[in-house]
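Residues per chain, in single letters:
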Protein chains: 2
Amino acid sequence: MKNRRSFIQKMAAGVSAAVLAPVAVQASPAVGLSGALIHHVFFWLKEPGNQQVRKQFEAALKKLLKVKTIKISHIGIPASTESRDVVDHSYSYSLMVVFDTREDQDSYQVDPIHQAFVAENSHLWNKVVVYDSVDV
Amino acid sequence: MKNRRSFIQKMAAGVSAAVLAPVAVQASPAVGLSGALIHHVFFWLKEPGNQQVRKQFEAALKKLLKVKTIKISHIGIPASTESRDVVDHSYSYSLMVVFDTREDQDSYQVDPIHQAFVAENSHLWNKVVVYDSVDV
């Protein structure tokens, strides 16, 4: 647990440190993200087919990643995976950001960069769903 | 893009390689996951307050992470973040797994470990929502 937590910190620190430390992994060959808060947001745009809107929104999402408490990020669109009842491919964009703590997520919410993102772009979407997950 | 893709591959490879290579990052201090497929699943259990069910389900989720195509993983529960209309805190468990490619996600779906997970545990949940996201 302690090692895994420091993995995230080292990944973030690695940007300047240039070399990342060995990763501690238990049981599975996959790298487990532990000690983190995963904030996953799904946006349904009012005009998902409008290329100008998409361009603006993608640029806005990239700008949002400048918030300093974000440790890992991913800006996505629905994958072309198999259509199954349980898979929701209907959203326009996803934003996954990983924080070290709940406090970092809280400060992200009130960060001027995040507030500007909402003020400048909320007219573009008609639905947003957010999931915040922490370790079991 | 090329560098970022290899970051994920190196993270996974790092388990045996012991040392990870420098991370290429643009603009933001956050580490961007690019060239990946993020498969995020949210489960609503029939008996979310039943501790025996929770124990079984948590063990089952951990077992599921043995599927070899999984590169990064996180097993979660709702965070105690602020209650806002857009935040869904109602699910019981989340599972985020990251694959290198859509093909790896497809092979995960038919992997005997995943099929056993569904066969042995699907009676425990009454709702599942899946989001599959790839790079913009």
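Rules used in this analysis
Residues numbered from 1 in each chain as written. Chains lettered and ligands numbered in written order. Predicted model: local features only at pLDDT ≥ 70, side-chain atom pairs only at ≥ 80, totals over all residues. Helix = DSSP H or I, 4+ residues; strand = E, 2+ residues; numbered from the N terminus. Buried ≥ 20, exposed ≤ 12 C-beta atoms within 10 Å, placed from the backbone. Contact = placed C-beta atoms within 7 Å. Core = buried A, V, L, I, M, F, W, Y, C linked by C-beta atoms within 7 Å. Pairing = 2+ DSSP bridges. Expected span 1.5 Å × (residues − 1). Arc of directions from axis to C-beta. pLDDT = per-residue confidence, 0-100. Axes fitted to C-alpha atoms, helices over the stretch in contact; angles between N-to-C directions. Parallel < 35°, antiparallel > 145°, perpendicular 65-115°, else oblique. Left-handed = near helix turned anticlockwise from the far one by under 90°. Nonpolar A, V, L, I, M, F, W, Y, C, P; charged D, E, K, R; others polar.

## Digging into the overall build of chain A
Step number 1: When helices and strands are counted, chain A shows four helices and five strands.
Step number 2: Within chain A, buried positions represent 32% of all 136 residues.
Step number 3: A fraction of 75% describes how many contacts in chain A between residues 6 or more apart in sequence connect residues 24 or more apart.

## Things to note about the environment of B:Tyr93
All names here are of chain B.
Step number 1: Relative to the assigned elements, Tyr 93 resides in strand β4 (residues 93–99).
Step number 2: Residues Tyr 93 and Lys 68, 25 residues apart in the sequence, show an inter-C-alpha distance of 22 Å.
Step number 3: Setting aside residues no more than four positions away along its own chain, Tyr 93 makes contact with Phe 43, Phe 57, Leu 61, Ile 75, Gly 76 and Ile 77.

## Digging into the nonpolar core
Step number 1: If you look at the biggest cluster of nonpolar residues, it comprises 48 residues, and the most contacted ones within it are A:Tyr93 and B:Tyr93.
Step number 2: Looking at this core, the elements with two or more residues in it are β2 (37–45), α2 (51–64), β4 (93–99) and β5 (125–135) of chain A together with β2 (37–45), α2 (51–64), β4 and β5 (125–135) of chain B.

## Here's the deal with the pairing of strand β3 (residues 72–78) of chain B
Step number 1: Of the strand pairs in this sheet, strand β1 (residues 31–32) of chain A and β3(B) are connected by two bridges, and their pairing is parallel. What sits directly across from A:Val31, in β3(B), is B:Ile72.
Step number 2: Pairing between β3(B) and β4(B): five bridges, direction antiparallel. Across the sheet, the residue bridging to B:Ile72 is B:Val98, located in β4(B).

## Overview of the pairing of β5(B)
Step number 1: The pairing of strand β3 (residues 72–78) of chain A with β5(B) spans three bridges and is classified as antiparallel. If you follow A:Pro78 over to β5(B), its bridge partner there is B:Ser133.
Step number 2: For β2(B) and β5(B), the ladder comprises nine bridges, and the chain directions are antiparallel. Among the inter-strand pairings, B:Trp44 is bridged to a residue of β5(B), identified as B:Lys127.

## Thoughts on α2(B)
All names here are of chain B.
Step number 1: Counted at 1.5 Å a residue, the expected span for α2 with its 14 residues is 20 Å, and the 20 Å between its end C-alpha atoms agrees.
Step number 2: Restricting attention to buried positions, one finds in α2 the residues Phe 57, Leu 61 and Leu 64. When α2 is viewed along its axis, its buried side chains cluster within an angular range of 60° and face the same direction. In α2, the exposed positions angled more than 90 degrees off the buried face are occupied by Gln 51, Gln 52, Lys 55 and Ala 59.
Step number 3: Structurally, α2 contributes buried residues whose contacts are with β2, β3, β4 and α4 (112–121).

## Concerning the environment of A:Ser73
Step number 1: Relative to the helices and strands, A:Ser73 is located in strand β3.
Step number 2: Here A:Ser73 falls in the buried class, since 21 other C-beta atoms lie within 10 Å of it.
Step number 3: Spatially, the C-alpha atom of A:Ser73 lies 9.5 Å from that of A:His39, the residues being 34 residues apart in sequence.
Step number 4: Those residues in contact with A:Ser73 that lie beyond four places of it in its chain are A:Leu65, A:Met96, A:Val97, B:Ala30 and B:Gly32.

## Description of the confidence of the model for chain A
Residue and element names in this part refer to chain A.
Step number 1: Across chain A, pLDDT averages 84, with 79% of residues at or above 70.
Step number 2: Ignoring residues within four places in sequence, the model shows residues 1–10, a span with pLDDT below 50, making 19 contacts including any to other chains.
Step number 3: Note on residues 12–28: pLDDT is under 50 here. Beyond four places in sequence and across chains, it has 31 contacts.

## Quick look at the packing of α2(B) against α4(B)
All names here are of chain B.
Step number 1: Direction vectors running N to C along α2 and α4 enclose 165°, while the axes themselves pass 9 Å from each other. Comparing their axes, α4 and α2 come out roughly antiparallel. Between α2 and α4 lies a crossing whose hand is left-handed. Residues Phe 57, Ala 60, Lys 63 and Leu 64 of α2 form the contact with α4, whose participating residues are Ile 113, His 114, Phe 117, Glu 120 and Asn 121.
Step number 2: Among the residues forming the contact of α2 with α4, the class breakdown is five nonpolar, two polar and two charged.

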